[in-house]
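# Structural description and commentary
Here are the chains, one letter per residue:
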Amino acid sequence: MINIQDIRDTARDMLAKGEVRTVIGYRRGSRGMPAEPAFITSPEQADELIWDPTCYHNLSLYLVHDQKILAHLRKASGSPIAIVAKGCDARSIVVLLQEHYFKREDVYIIGVSCEGTGVLDERKLASQLNGVQPTLAAFDGDDYVFTTAEGEKRLPAREVMADRCLECRIPFPKEHNVVFGEDKTGRQLAEPFAALTRFEAQGTGERWDIWSHHFDRCMRCFACRSVCPMCYCDECVVDSITFPVTQQTSAAEKADRVRWIERSAMRSENITYLLTRAMHLAGRCTDCGECERACPVNIPIRMLNNKMEREAREKFGYEPGASIGGSSLVASFLDNDPGDFIR
Amino acid sequence: MSEQQNYEPRVVAFLCKWCSSAGSDLAGVSRIQYPANATPITIPCTGAVSPMYILSAFNKGADGVLVSGCHIGDCHYIEGNFLARRKMHLIMELLEFIGVEPNRFRMSWVSAAEGAKFAQVITDFVDDLKPLGPQEKLKKAERA
């Protein structure tokens, strides 16, 4: 069981001593139960920090934002940033470090173990509470306890936990400066890739019927891209902003441009966008599930990333976010990589 | 029935400059007969093929995409085809996963001396593509 006071004390100490410039954590949000990201810059604010089942955000995204802001201001980073990180978040930070996005000494990882419980899936909870709005969520052993207008409601965590947490293999931040909570690696609440395996058991036709339905619904809001700590490219391949059309642009110039993907929300373009995203995240996605949570039309984006993760694991023995020094999935190879598909 | 017989699949073939492209040339100068369905695009190395090329080819109406390069160990850039093998495996799995017919994407190793093999690869690919009919799943719809 994690005592929130430990996290607050760590944050307060570090800020008071000036060892870090900001602590990124979670605090009470403004829309009821869900927590929101908090950026703590003074020791007095440290008591705002919380840790509860609604801390599902992957805060490593803000380390990326910080780097972009620093680059824009042309400033050096100075003292490090402390960040509260779950197992999956810590792995994202490892991938960013592996890609030299920032240096290890620029970040102080306050690891929190998810222990047996993981984090909440609000969509699952909504179906359990029949319209009652909870105002507070808390961990209690293997249960979540929700405070509602009709009193306390206790639910087993595994019934309302996010799928990715059920399938999580390592609910513990291996890379950390300090860590709270027990390492419950191997707790295995559900078979890893369980949803993916069920989906794959269907034939080509059925799979296409399901996916084409989802691809039709994508409205290209790019929430999945905005929320992803790995989507840090300054210029995304789907944005054609690098080719502004002016009055001087000739018809020949327009025709010569490579337009990989159009921005309009058509099925074919949505497929190209989502598959390109899946390819770009292969070997980098640490399954934090933020893309799927952010998707306003509930496209199972996580499944595409999961597919790549499983291929990498089973065919190439590659585990994303396992080590800072390791080479990346598509920039390395083994002599015995599978090649049976090649004629 | 007659419509199906007349259907000619369009294949986009990404051929590496050092091996498969020379292989296709050998097939030509050796006067080996093979279907004229493939549009060759010469690339420096299979390792330079971005999955984006493949998705884009399908997006612009290709019925099948072929990526062909040097045999393992023969890469002009030492390790380009090793890297390609991984990347192409991933994109192939992804396309199958969303329900694209597995036969629409193919990869082969064809050396500069294997003109006959190149002709065989194209012939087989076209034969496998014909029963599938036109590729509509990833193709961009015409604007009205």
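The text that follows walks through the structure, step by step, so that each part is easy to find.

Procedures and definitions
Residues numbered from 1 in each chain as written. Chains lettered and ligands numbered in written order. Predicted model: local features only at pLDDT ≥ 70, side-chain atom pairs only at ≥ 80, totals over all residues. Heavy atoms only, no water. Contact = heavy atoms within 4.5 Å. Buried area = accessible area lost by both parts, 1.4 Å probe. Salt bridge = Lys/Arg side-chain N within 4 Å of Asp/Glu carboxyl O. Polar contact = N/O pair within 3.5 Å; in protein donor to acceptor, adjacent residues only side chain to side chain. Helix = DSSP H or I, 4+ residues; strand = E, 2+ residues; numbered from the N terminus. Nonpolar A, V, L, I, M, F, W, Y, C, P; charged D, E, K, R; others polar. 1 Å grid on protein atoms, 1.4 Å probe; cavity = no way out; pocket = protein on both sides within 12 Å on 5 of 7 lines; lining within 4 Å. Points joined across faces, edges and corners; volume = space filled by probe spheres on them. Domains from an automatic or database assignment. Buried < 20%, exposed > 50% of the residue type's maximum accessible area, 1.4 Å probe, protein only. Pairing = 2+ DSSP bridges. Right-handed = clockwise from strand over helix to strand, strands pointing away. Axes fitted to C-alpha atoms, helices over the stretch in contact; angles between N-to-C directions. Expected span 1.5 Å × (residues − 1). Arc of directions from axis to C-beta.

### Examining the interface of chain A and chain B
Accessible area lost during the coming together of the parts is what is often quoted as the interface size. Listed by partner, the interface residues are 46 residues for chain A and 39 residues for chain B. Regarding the contact of chain A and chain B, the summed buried area is about 3,900 Å², with carbon and sulfur atoms giving 69% of it. Between chain A and chain B we count 4 salt bridges in total. Among the ionic pairs, Glu93 of chain B bridges to Lys315 of chain A, the shortest N-O distance being 4.0 Å. At the boundary of chain A and chain B, one finds 14 residue pairs in polar contact (both at pLDDT 80 or more). Among the secondary structure elements, those contributing two or more residues to the side of chain A that touches chain B are α7 (194-200), α8 (204-217), α11 (267-281) and α13 (301-316) of chain A. Counting residues per element, the side of chain A that touches chain B draws most heavily on α11 of chain A, which supplies 9 residues. Here the side of chain A that touches chain B is built from residues that sort into 26 nonpolar, 8 polar and 12 charged.

### Some thoughts on empty space enclosed by the protein
Residues and elements named next belong to chain A. According to the stated counting rule, one finds 7 cavities of 30 Å³ or more in the structure shown. For the largest cavity, the calculated volume is near 270 Å³. Along the wall of the largest cavity there are 23 residues; nearest its centre are Arg91, Cys168, Arg169, Thr286 and Asp287. Going through the elements one at a time, α3 (87-98), α6 (163-166) and α13 are the ones with two or more residues in the lining of the largest cavity. Residues that form the lining of the largest cavity fall into these classes: 9 nonpolar, 4 polar and 10 charged. Here the lining of the largest cavity spans two domains, and each of domain 1 (1-191) and domain 2 (193-334) adds at least three residues to it.

### Describing the pairing of strand β4 (residues 105-109) of chain B
All names here are of chain B. Counting buried positions along β4 yields 5 of 5 residues, so the element is predominantly enclosed. Alternating residues of β4 divide into Phe105, Met107 and Trp109 and Arg106 and Ser108, and every residue in both groups is buried. Bridge count between strand β3 (residues 64-69) and β4: 5 bridges; the pairing is parallel. Directly across from Val65, in β4, lies its bridge partner Phe105. For the segment spanning β3, helix α4 (residues 80-97) and β4, crossover handedness is right-handed.

### Quick word on the sheet that holds β3 of chain B
Residue and element names in this part refer to chain B. One open sheet holds the 4 strands; their spatial order is β2-β1-β3-β4, and the pairing between them is parallel. Among the strands making up the open sheet, the edge pair consists of β2 (38-43) and β4. Averaged over all neighbouring strand pairs, the angle between strand axes comes to 20 degrees, with direction disregarded. In this fold helix α3 (residues 51-59) packs onto β1 (11-16), β2, β3 and β4, with an angle of close to 150 degrees to the strand it touches most, β3. In this fold α4 packs onto β3 and β4, with an angle of close to 160 degrees to the strand it touches most, β4.

### Re helix α1 (residues 4-17) of chain A
Residue and element names in this part refer to chain A. Relative to the 20 Å expected for 14 residues at 1.5 Å per residue, α1 spans 20 Å between its end C-alpha atoms, a close match to the ideal helical length. Along α1, the positions that sit buried rather than exposed are Ile7, Arg8, Thr10, Ala11, Met14 and Leu15. In an axial view of α1, the angular spread of the buried residues amounts to 160 degrees, which keeps them on one side of the axis. Away from the buried face of α1 by more than 90 degrees, exposed residues Ala16 and Lys17 are located. The inward-facing, buried residues of α1 contact β1 (22-28), β2 (35-40), β3 (81-85), β4 (107-112) and β8 (178-180). With its phi angle positive at about 75 degrees, Gly18 sits one or two positions after the end of α1.

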